[in-house]
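# A structural walkthrough
Okay, here's what each chain looks like letter by letter:
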Amino acid sequence: MKKLVAFALACVLFAAVPAFARTGVLLVAFGTSMDTARPAIDAIERDYKAANDTVLMAFTSDIIRKKLAREGKPVLSVNAAMNKLAEDGVTELRIQSLHIAPAEEYAQLERMVVKNIVKHPGRFQSVKVGYPLLVSSADLDAVVDAVLASLPKDRRPDDAVVLMGHGNDRGPGDLIMAAAANAFHAKDPHVWLATVEGANGFDNVLPRLKASGAKRVWLQPFMIVAGDHANNDLAGPEEDSWASRIKAEGMTPMPHLKGLGEIKAVRGLFLSHTENAVIDLVNTKKSDD
Ligand code: CO
């Protein structure tokens, strides 16, 4: 009798746990509504699909998602994507941030994920979040090399290069962008990095660029996609775009609008961050309680 009870209990316990753990990957970017920015996003998705059965993309920006929905090209929110993956039977979820730095946008993503987990407890057995692109000195070294290798072949040694990062004065993002700017400039003194927002603006770089004597200046985004900022703030025809300001100083702007997602080594870094993700937002250690 005891044996029977134990057997019945074992059956109940077994039934309560899904027979097979199913892994899914959720990729999360801020988002873009520009078709020209899609190659970077598509390339990342393609690499993940080559290595995983279930891959979904979510955008965090409400404005961009609304715009895409109006155009008939909907992309899910983090919350909706987590719900869909749970419905599809995913039990081991990996979420990969496609942000550049572990800064405010990334912190917001973690909050979104925790909110979903708390609302639906027990749904996922684990939810591991992979770090953004730049979390270690090794990441930064690898990214500097990858970006320098991605510059156009017709760049002459004395041509300058200006990389446009996003920047953000909320959270620690500006510190990481300053470190990246230093790392690029240390490796190649003709390369500068400045940001659209935050403390590392182009105003600091333009006079030094002029003083360097460069005649041609290559312009490349330091963002996952070559989207709105790259096409307008960096290379656009408006008077205050970086290209126009460079031109006004007598130099020739040479736009090379390629998002970081289009660089294979950058995609490889994201894949390794997913592979090595240790932050499990479902199973926190006792010491964290
Ligand atoms: Co922006």
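Going by the structure above, here's the rest.
Criteria and cut-off values
- Residues numbered from 1 in each chain as written.
- Predicted model: local features only at pLDDT ≥ 70, side-chain atom pairs only at ≥ 80, totals over all residues.
- Heavy atoms only, no water.
- Donors = N, O, S within 2.8 Å, 3.2 Å for Na, K, Ca; no water.
- Helix = DSSP H or I, 4+ residues; strand = E, 2+ residues; numbered from the N terminus.
- Buried < 20%, exposed > 50% of the residue type's maximum accessible area, 1.4 Å probe, protein only.
- Pairing = 2+ DSSP bridges.
- Right-handed = clockwise from strand over helix to strand, strands pointing away.

### Focus on the coordination of the cobalt ion
- Within the protein, His166 (NE2) and His229 (NE2) serve as the donor atoms for the cobalt ion, at 2.1 Å. Within this pair, whereas His166 is found in the loop between strand S5 (160-165) and helix H7 (173-187), its partner His229 is found in helix H9 (residues 228-234), the two being separated by 63 residues in sequence.
- A residue is classified by how much of its surface remains accessible, and His229, at 22% relative accessible area, is partly exposed.

### Some thoughts on the environment of Asn232
- Its location among the elements puts Asn232 in helix H9.
- Spatially, the C-alpha atoms of Asn232 and Trp242 are 9.1 Å apart, while their sequence positions differ by ten residues.

### Let's talk about the pairing of strand S6 (residues 191-195)
- Across the five residues of S6, five count as buried, placing the element largely inside the fold.
- Pairing between S5 and S6: five bridges, direction parallel. Bridge assignment links Met164 to a residue of S6, and that residue is Ala194.
- Crossover connection from S5 via H7 to parallel S6: handedness right-handed.

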